[in-house]
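Secondary and tertiary structure notes
So you can see what is in the structure, the chains are spelled out below.
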Amino acid sequence: PYLRLELADRTGAIETRMWTGFEAIAASVNRDDVVKVQGRTDVYRNRLQLKIDRMRKAEASEIDLRDYFPHSPEDIEALYRKLQDIGASIANPWLRRLVTGILADPEIAPRLKVVPAAKVMHHAYLGGLLEHMVSLCGLCRVVAAHYPETDLDLLMTGAIVHDIGKVDELSYDRSFGYTDEGQLLGHIEIEYERVAKKIDAIEGF
């Protein structure tokens, strides 16, 4: 018997082996736990592999999740203020109230600053969804300038709310994945319900 596992941080992943003294540590750690290891690398079948000599579960004080997850290079707070400014600039009063209400929602705002836009496809890093939204809003302005018949307010509203369900669909505490709600419903259904409730709360929308 031996212990085989994969270790990963924001730079990548490596396959590992622990050949002796692994029984106790194997019983004390779970998938997506953060561990501290001591070992040495070796090449096996033309692939780099880590042979672990010692391993223990990391203490909470030793963990900074930014070391383990890729994250947006942008200033997240500045990016969020920019998105709020975009929402406030929507001329249609009903759409403006809808968008600013969503962005000010205390259930949404903190998570929107952290959640990735996807598990692997695009902007798959912390803060990725926020970066994706702001980027889309910039593209909407370009499109609207090229097609004057376009309703810019609708475009901007769509750019901001079209993926808002991902704050509930994706999990990112210890690895990028999907919540139970995300797997069962998907972000489109989740955001449809969220946005519909926000609309219902605006009298006369």
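Scroll up to find the structure this text is about.
Residues numbered from 1 in each chain as written. Predicted model: local features only at pLDDT ≥ 70, side-chain atom pairs only at ≥ 80, totals over all residues. Heavy atoms only, no water.

1. Comments concerning the pairing of strand β4 (residues 47-57)
Across a regular strand the side chains alternate sides, sitting on one face of the sheet and then on the other. Strand direction decides the pairing type here: strand β2 (residues 12-18) and β4, joined by 3 bridges, are parallel. Residue pairing for β4: threonine 16 is matched across the bridge by leucine 50. Two strands pair when backbone bridges link them, and strand β3 (residues 35-44) and β4 are joined in this way by 10 bridges, in the antiparallel orientation. From the neighbouring strand, glutamine 38 faces β4, where its bridge partner is arginine 54. Count of turn residues in the β3/β4 antiparallel hairpin: 2 residues, of which arginine 45 carries a positive phi of about 50°. (Pairing = 2+ DSSP bridges. Helix = DSSP H or I, 4+ residues; strand = E, 2+ residues; numbered from the N terminus.)

2. Let's talk about the sheet that holds β2
Strand order in the open sheet made by the 4 strands is β1-β2-β4-β3, with mixed pairing throughout. Strands with a single pairing partner mark the edges of an open sheet, and in this sheet they are β1 (3-9) and β3. The sheet shows a mean angle of 40° between the axes of neighbouring strands, direction not considered. (Axes fitted to C-alpha atoms, helices over the stretch in contact; angles between N-to-C directions.)

3. Here's the deal with the environment of aspartate 151
Tracing the sequence through the fold places aspartate 151 in the loop between α5 (128-146) and α6 (152-161). You can call aspartate 151 partly exposed: its relative accessible area is 39%. Among the polar contacts listed, one links the side chain of aspartate 151 to the backbone nitrogen of aspartate 153, at a separation of 3.0 Å. A polar side-chain atom of aspartate 151 sits 3.2 Å from the main-chain amide nitrogen of leucine 154. (Buried < 20%, exposed > 50% of the residue type's maximum accessible area, 1.4 Å probe, protein only. Polar contact = N/O pair within 3.5 Å; in protein donor to acceptor, adjacent residues only side chain to side chain.)

4. Here we look at the packing of aromatic side chains
Considering all chains together, one arrives at 2 aromatic pairs under this definition. Each ring, one from tyrosine 2 and one from tryptophan 19, has its centre 4.7 Å from the other, and the planes form 35°; the classification is tilted. Of the two residues, tyrosine 2 sits in the segment before β1 while tryptophan 19 sits in the loop between β2 and α1 (23-28), which places them 17 residues apart along the sequence. Look at tryptophan 94 and phenylalanine 205: their rings are 6.4 Å apart centre to centre, the planes differ by 75°, and that puts the pair in the edge-to-face class. Within this pair, whereas tryptophan 94 is found in helix α3 (residues 93-104), its partner phenylalanine 205 is found in the segment after α9 (187-200), the two being separated by 111 residues in sequence. Over the ring of tyrosine 80 we find lysine 113; its NZ or CZ atom is 4.8 Å from the centre of that ring. (Phe/Tyr/Trp six-rings, centres within 6.5 Å; stacked < 30°, edge-to-face > 60°. Lys NZ or Arg CZ within 6 Å of the ring centre and 35° of its normal.)

5. What to know about the state of the cysteines
Under the counting rule described, the total for this entry stands at 0 disulfides. No disulfide involves cysteine 137; its nearest neighbouring cysteine sulfur is the one of cysteine 140, lying 5.9 Å away. Exposure remark for cysteine 140: the relative accessible area of 11% places this residue in the buried category. (Disulfide = S-S within 2.5 Å.)

6. Overview of the nonpolar core
Counting residues in each nonpolar core, the largest one holds 33 residues, and the members touching the most others are Leu83, Leu112 and Ile160. When contributions to this core are tallied by element, the ones reaching two or more residues are α2 (76-88), α3, α4 (109-112), α5 and α6. Beyond its immediate chain neighbours, meaning those up to four positions away, leucine 83 contacts Leu103, Leu112, Leu130, Met133, Val134, Cys137 and Ile160. (Core = buried A, V, L, I, M, F, W, Y, C linked by side-chain atoms within 4.5 Å. Contact = heavy atoms within 4.5 Å.)

7. Details of α9
The first and last C-alpha atoms of α9 sit 20 Å apart over 14 residues, in line with the 20 Å expected at 1.5 Å per residue. Along α9, the positions that sit buried rather than exposed are His187, Ile190, Glu191, Arg194 and Val195. Taken around the axis of α9, the buried residues stretch over an arc of 120°, which confines them to a single face. Exposed residues on α9 whose side chains face more than 90 degrees from its buried face are Ile188, Tyr192, Lys197 and Asp200. On its buried side, α9 packs onto α3, α4, α6, α7 (166-169) and α8 (180-184). (Expected span 1.5 Å × (residues − 1). Arc of directions from axis to C-beta.)

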